[in-house]
Amino acid sequence: MPSAANPTVTATPAGTHAAAPTVRLRFGVAGMTCGSCVARIEKALRAMPGVSEASVNLATETAELASAGPVSAVEIERAVAAAGYSVTRDETELALRGMTCGSCVSRIEKALNAVPGVLSAEVNLATERARVRHFGGLDPATLIAAVERAGYAAALTDADADAADGDSGAAAAGSGEAAPRAPLSRETRHLWLAAALTLPLVLPMAGLLFGQHWMLPGWLQLALATPVQFWLGARFYRAGWHALRAGSGNMDLLVALGTSAGYGLSLYHLWRGDSQALYFETSAVIVTLILLGKWLEARAKRQTTAAIRALQALRPARARVLRDGVERELPIAQLQVGDLVVVLPGERIAADGRIREGRSHVDESLITGESLPVPRHEDERVTGGAINGEGRLIVETLAVGAETALARIIRLVEDAQSKKAPIQRLVDRVSAVFVPVVIALALITLLAWGLGTGDWNQAILNAVAVLVIACPCALGLATPTAIMAGTGVAARAGLLIKDAEALEIAHRIDTVAFDKTGTLTEGRPVLAEWIAVDGDRDALLAQAAALQRGSEHPLARATLDRAGGLRLPEATQLRAVPGRGLRGRIGGRDLLLGSGRMLAEAGVAADALADAAQRLADNGHSVSWLAADDAHGRQLLGVLGFRDAPRPQARAAIQRLHALGLRTAMISGDHLGAAQAIARDLGIQEVRAEVLPEQKAEAVAQLRRDGAVAMVGDGVNDAPALAAADVGIAMGSGTDVAMQAAGITLMRAEPGLVADAIDISRRTTRKIRQNLFWAFGYNVVGIALAAFGWLDPIVAAAAMAFSSVSVLGNTLLLRRWRPSTPSKIQTGAAA
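Rules used in this analysis
- Residues numbered from 1 in each chain as written.
- Predicted model: local features only at pLDDT ≥ 70, side-chain atom pairs only at ≥ 80, totals over all residues.
- Heavy atoms only, no water.
- Helix = DSSP H or I, 4+ residues; strand = E, 2+ residues; numbered from the N terminus.
- Buried < 20%, exposed > 50% of the residue type's maximum accessible area, 1.4 Å probe, protein only.
- Areas by Shrake-Rupley, 256 points an atom, 1.4 Å probe, with all protein chains shown as cover.
- Salt bridge = Lys/Arg side-chain N within 4 Å of Asp/Glu carboxyl O.
- Pairing = 2+ DSSP bridges.
- Axes fitted to C-alpha atoms, helices over the stretch in contact; angles between N-to-C directions.
- Contact = heavy atoms within 4.5 Å.
- Arc of directions from axis to C-beta.
- pLDDT = per-residue confidence, 0-100.
- Phe/Tyr/Trp six-rings, centres within 6.5 Å; stacked < 30°, edge-to-face > 60°.
- UniProt positions renumbered as here; feature names shortened; annotations may be inferred.
- Parallel < 35°, antiparallel > 145°, perpendicular 65-115°, else oblique.
- Nonpolar A, V, L, I, M, F, W, Y, C, P; charged D, E, K, R; others polar.

Asks: Sorry, what's going on with the overall build of the protein here?
Replies: Each helix and strand in the protein was counted, giving 29 helices and 30 strands. Split into buried and exposed, the 831 residues of the protein put 51% on the buried side. Of the roughly 35600 Å² that the protein leaves accessible, carbon and sulfur atoms contribute 56%.

Here it is, written out as structure tokens:
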């Protein structure tokens, strides 16, 4: 029974007129509060072309409409949004079986997009997954049925079950023998049987090289070739038939047509008694070679997912939990937030948590890419999946299941691998028309040779060569496998790439803009110097600290740390002034503490300490001013100088970016002098200082006028700028908001990883282009050679079988990539 929060979506043909059945669609609507909302949404839906009726239920928060034909889900969503409300959304992932080439991708996407309520569908040939965005409550069985009508098999993927399955899931992932193992064994048996039956047919061809005539009798050739053609090659007939029923074609249809033509021609000559014109070996070798190619392709595709399986293998199966003072071993799925987990030396930490007892070194290499174990003490956080070094730890669990850092990393990598790069959409459109074009060319070849030469035997063989040389598989695999390999190896180096689009765009970045505090600097400023107008430095420090007591701002913590031994006065009426500072009242006086902009806006003259402030700024200090601003007058009290040291590897990181031909910039809210001092130390070429948080996105937009921009930041105030950039790069040490807005996340706070991210993007994009060049060029040249009779069908089959393997082999070279960040290069984790 559907609830209001999870309504069902149904599409029911109601009319009797076959040409125009009535389609009914029900979906959830969010944001309604009263009866007027109902009327407004109904009016918006009825105004849509083709909609005959619409009704909205406020109690269940659902809407239902009827139309004379299918109505675009996107248009429905726009109509509801224009009325001021939103349609509830959901996402379903399906595991697919039966795909063989790029044309299969287009056919399944077309079938899913035709389901009422579906907003978009993306199918990935390499992962054999479909990701469907649709109206909330759509029954997954409807999506599965649509896939099956297109001629393929589908089932729901169960990520939660995978996450909880510690024993089988982790073990299988660790060994690299996941779910595809069983069908691979069947393919292996079929390959060996096909080879055993085909070899006697091929050996006589070898004898001809030595002047020997070893030709087998025709009936024996028929007996050997028939099981290869119709049993071991049955998959091509089944898949080709499903494609024909769906009104399209695929690679299997080409193979089935080509091998059937060769087999049928041989059968005709055998019936005529002409044993010298038999081509049974041709059809059998074609089937065997293509089975070999598929077997090699399956192995190579599994290697492209090695990184994600390695991450999945980090999830331990069980945890040693202290409950009621008793230590018991429980499945990881039963772990709860707040549990105390005992982790012995050499064991993996079961979930994210905080150390309550013990100290150790923790190996987080496969999570953050950090090659060396890092020290961890009491009250410090540890990440699930990391390996405990030498000490016994008791860890309080802070996150379990899908909420752990490891689960989120795996989810991000899987999301990136399942999404399409923009260039893949062009390839899919080409693949959709590929098979019909090839069949037409084969028919033209047959007629041209048959009518032109009168040799219909040769005409059929040339047409067979055209059919079997064509391979949309290589086209379909060129992009997704490169994306999988690139994102996978990046993840194991501590680079999380959220989607394929970010990976593709990053290669054309011209400028890298950095936030300063926490990104290029340590983010832990210290109060280095403070100067009072009246000379009473302690009073100045005490007042500044009192105003900032309770604040979590880095400058406030630095002030409070320095004022640790002082007695602080009571501050009242505290209020923050965004982007400028804060105000408060101490001892009957209204005080302000903040930037030079705040001082100027308050009308307080800074002449008394202008030279001192300039000296601090020139030396790289961030400057804050303390002043009185009330009815008794405006008076400058003092200036404070904060120093935030650059990260040790920041200068080398900037140099690497320059070596890659990139321009660097800094966008900071800090004082111009402080920002320029840091920029000089690090070699940054352009500085934009005293930029308010809401102005950072505008600064990024200005930089984009000169080319594509990557923005690197770590704070909440960086999120708009990260979203405004062509590619946002968030430091993993920063906030979740920044990481959500960014396309790439650095799992450890090293600016050098920015250059690594751009490097892997360039290498991945280069592989995509190489793969597509090979796939397109191979088909153009191969089909032309076959059509002109310069390619034997057996050679064509071998070339076709190995075209996908060559693309995958080229892609797998990406697995050799290693990050070049100094002192952080992994010794083998990225393999």
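That shown, we press on.
Asks: I'm lost on the pattern of salt bridges in this one. Help?
Replies: Pairing is possible between side chains of opposite charge, provided their charged atoms come close. This model, assessed by the stated rule, comprises 31 salt bridges. The partner of E187 in a salt bridge is R235, and the shortest N-O contact between them spans 3.8 Å. One end of the pair, E187, is in helix α7 (residues 181-208); the other, R235, is in helix α9 (residues 234-245), and 48 residues separate them in sequence. Its relative accessible area of 24% is what places E187 among the partly exposed residues. Of the charged contacts in the structure, one is a salt bridge between R643 and D681, with a shortest N-O distance of 4.0 Å. Of the two residues, R643 sits in strand β25 (residues 633-643) while D681 sits in helix α24 (residues 672-682), which places them 38 residues apart along the sequence.

Asks: Quick question: what am I supposed to make of the sheet that holds strand β8 (residues 153-156) here?
Replies: A sheet is described by the order of its strands in space; here 4 strands give the open sequence β6-β7-β5-β8, paired in antiparallel fashion. The strands lining the two open edges of the sheet, one partner per strand, are β6 (118-124) and β8. Within the sheet, the average angular offset between the axes of one strand and its neighbour, ignoring direction, is 25°. The sheet strands contacting helix α3 (residues 102-113) are β5 (89-97), β6 and β7 (129-135), and the helix crosses β6 at an angle near 160°.

Asks: Just to check I follow, could you spell out the environment of I497 for this structure?
Replies: You can see I497 is positioned in strand β18 (residues 495-497). A relative accessible area of 3% means that I497 is categorised as buried. The sequence separation of I497 and A416 amounts to 81 residues, and the corresponding C-alpha distance is 6.5 Å. Excluding residues within four positions of it along the chain, I497 makes contact with L412, A416, T487, A490, L503, G743, I744 and I760.

Asks: When you look at helix α20 (residues 554-562) in this model, what are you seeing that I'm missing?
Replies: For an α-helix the count is 3.6 residues per turn, leaving residues at separations of three or four pointing the same way. Of all the residues in α20, the buried ones are A556, A558 and T559. Taken around the axis of α20, the buried residues stretch over an arc of 160°, which confines them to a single face.

Asks: In this structure, what is going on with the pairing of β7? I would like to understand it.
Replies: For a regular strand, side-chain orientation follows a simple rule: the groups alternate between the two sheet faces. Here β7 lies mainly inside the structure; 5 of its 7 residues are buried. Summarising the sheet, β6 and β7 pair through 6 bridges and their orientation is antiparallel. Across the sheet, residue N124 finds its bridge partner in β7, namely R129. Between β6 and the antiparallel strand that follows it, β7, lie 4 residues; E128 among them carries a positive phi value of about 55°.

Asks: What is the right way to look at the confidence of the model for the protein in this model?
Replies: In low-pLDDT segments, the atomic positions of the prediction should not be examined closely. Averaged over all residues, the pLDDT of the protein is 81; the fraction at 70 or higher stands at 87%. Low confidence marks residues 159-184, where pLDDT is under 50. Its contacts with residues over four positions away, or in another chain, come to 27 contacts. Scored below 50 in pLDDT, residues 822-831 makes 26 contacts in the model with residues more than four places away or belonging to other chains.

Asks: Before we go on, may I ask you to explain the pairing of strand β3 (residues 62-67) in this structure?
Replies: When you tally the buried positions in β3, you get 5 out of 6 residues, the bulk of the element. Taken together, the 6 bridges between strand β1 (residues 23-30) and β3 define a ladder with antiparallel strand orientation. The partner of R24 across the bridge, within β3, is A66. The pairing of strand β2 (residues 51-57) with β3 spans 6 bridges and is antiparallel. The partner of S55 across the bridge, within β3, is E64.

Asks: Before we go on, may I ask you to explain the packing of aromatic side chains in this structure?
Replies: For any two aromatic rings, the description comes down to two numbers: the centre-to-centre distance and the angle of the planes. Enumeration according to the criterion identifies 7 aromatic pairs in this entry. Here Y263 and F280 contribute two aromatic rings whose centre-to-centre distance is 5.4 Å and whose plane-to-plane angle is 70°, an arrangement assigned as edge-to-face. In this pair, Y263 sits in helix α10 (residues 251-272) while F280 sits in helix α11 (residues 280-304), placing the two residues 17 residues apart along the sequence. Comparing Y263 with F280 shows no difference in burial state: the two are buried. Consider the rings of Y268 and W271, whose centres lie 6.4 Å apart with planes at 40°: the pair is tilted. In this pair, Y268 and W271 both sit in helix α10, 3 residues apart, roughly one turn of the helix. A relative accessible area of 39% places Y268 in the partly exposed class.

Asks: Any chance you could explain the environment of R557 here in plain terms?
Replies: Within the element layout of this structure, R557 appears in helix α20. Along the primary structure R557 and R524 are separated by 33 residues, whereas in three dimensions their C-alpha atoms are 8.7 Å apart. Filtering out sequence-adjacent residues up to four positions away, R557 remains in contact with S551 and E552.

Asks: Help me understand the UniProt feature "transmembrane region" (unreviewed entry) in the protein in this model?
Replies: As recorded in UniProt, the feature "transmembrane region" (unreviewed entry) lies at residues 191-210, 216-232, 253-271, 277-296, 430-452, 458-478, 771-788 and 794-814. Annotated as 88% helix and 0% strand, the span residues 216-232 places its first and last C-alpha atoms 21 Å apart. Secondary structure over residues 771-788 splits into 94% helix and 0% strand, and the C-alpha atoms at its two ends are 26 Å apart.

Asks: Just to check I follow, could you spell out the packing of helix α16 (residues 456-469) against helix α28 (residues 752-787) for this structure?
Replies: When two helices pack together, you describe them by how their axes are tilted relative to each other and by the distance separating the axes. Where α16 contacts α28, the two axes come as close as 8 Å, and the packing angle between them is 170°. Regarding the angle of α16 to α28, the classification is roughly antiparallel. Judged by residue contacts, N462, A465, V466 and I469 of α16 engage Y778, N779, G782, I783, A786 and A787 from α28. The residue makeup of the contact of α16 with α28, split by class, is 7 nonpolar, 3 polar and no charged.

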